[in-house]
Amino acid sequence: MRLEQGQIWRKGDDHYRIVTWARLSIEYKHLKDPASREGTLHTVTKKEFCRLLKGAELVQPEAGLPLET
């Protein structure tokens, strides 16, 4: 699994967007609706984030939808 800043992952009805990617930690936003861009911000280690994403799928960005913000 290759993690990059701006990726959106879907697991069930929840979406996780990587806000800041660092060497040892990930800052992500937990979203219910990725189009609204509203959610809660969390900081975890990469290992914890990978465990969270187990079974999740990478969502391809839609045309015209910015990756950042």
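The notes below deal with the structure included here.

About the criteria used
Residues numbered from 1 in each chain as written. Predicted model: local features only at pLDDT ≥ 70, side-chain atom pairs only at ≥ 80, totals over all residues. Heavy atoms only, no water. Salt bridge = Lys/Arg side-chain N within 4 Å of Asp/Glu carboxyl O. Helix = DSSP H or I, 4+ residues; strand = E, 2+ residues; numbered from the N terminus. Core = buried A, V, L, I, M, F, W, Y, C linked by side-chain atoms within 4.5 Å. Buried < 20%, exposed > 50% of the residue type's maximum accessible area, 1.4 Å probe, protein only. Contact = heavy atoms within 4.5 Å. Phe/Tyr/Trp six-rings, centres within 6.5 Å; stacked < 30°, edge-to-face > 60°. Pairing = 2+ DSSP bridges. Axes fitted to C-alpha atoms, helices over the stretch in contact; angles between N-to-C directions.

## Quick notes on the pattern of salt bridges
Between side chains of opposite charge, a pair can form when the charged atoms approach closely. All told, the structure shown has 2 salt bridges when counted by the stated rule. Glutamate 57 is the partner of arginine 10 in a salt bridge, and the nearest nitrogen-oxygen pair spans 2.2 Å. Taken together, the residues arginine 10 in strand 1 (residues 8-11) and glutamate 57 in strand 5 (residues 57-59) connect sequence positions 47 residues apart. For lysine 32, the salt bridge goes to aspartate 14, with nearest N and O atoms at 2.7 Å. Of this pair, lysine 32 sits in the loop between strand 3 (25-31) and strand 4 (39-45) while aspartate 14 sits in strand 2 (residues 14-21), placing them 18 residues apart in sequence.

## Points about the nonpolar core
Within the largest apolar cluster, 10 residues are counted, these being Leu3, Trp9, Tyr16, Ile18, Ile26, Tyr28, Val44, Phe49, Leu53 and Ala56. Of all the elements in the fold, those that place two or more residues in this core are strand 2 and strand 3. The contacts of valine 44, once residues within four sequence positions are left out, are Ser25, Ile26, Tyr28 and Phe49.

## Here's the deal with the packing of aromatic side chains
By the definition in use, this model includes 2 aromatic pairs. Ring plane angle 65 degrees and centroid distance 5.8 Å describe the contact between tyrosine 16 and tyrosine 28, whose orientation is recorded as edge-to-face. Taken together, the positions of tyrosine 16 in strand 2 and tyrosine 28 in strand 3 put the pair 12 residues apart, joining distant regions of the chain. Judged on exposure class, the residue tyrosine 16 and its partner tyrosine 28 are both buried. Centre to centre, the rings of tyrosine 28 and phenylalanine 49 are 5.3 Å apart; their planes meet at 45 degrees, and the pair counts as tilted.

## A short note on the sheet that holds strand 3
Spatially, 4-3-2-1-5 is the arrangement adopted by the 5 strands of the open sheet, whose pairing is antiparallel. Edge positions in the sheet fall to strand 4 and strand 5, since each has one partner strand and no second. Neighbouring strand axes in the sheet, compared pairwise and without regard to direction, differ in orientation by 35 degrees on average. Looking at chain direction, strand 3 and strand 4 are connected through 7 bridges and run antiparallel. Within the sheet, the bridge partner assigned to lysine 29 lies in strand 4 and is leucine 41.

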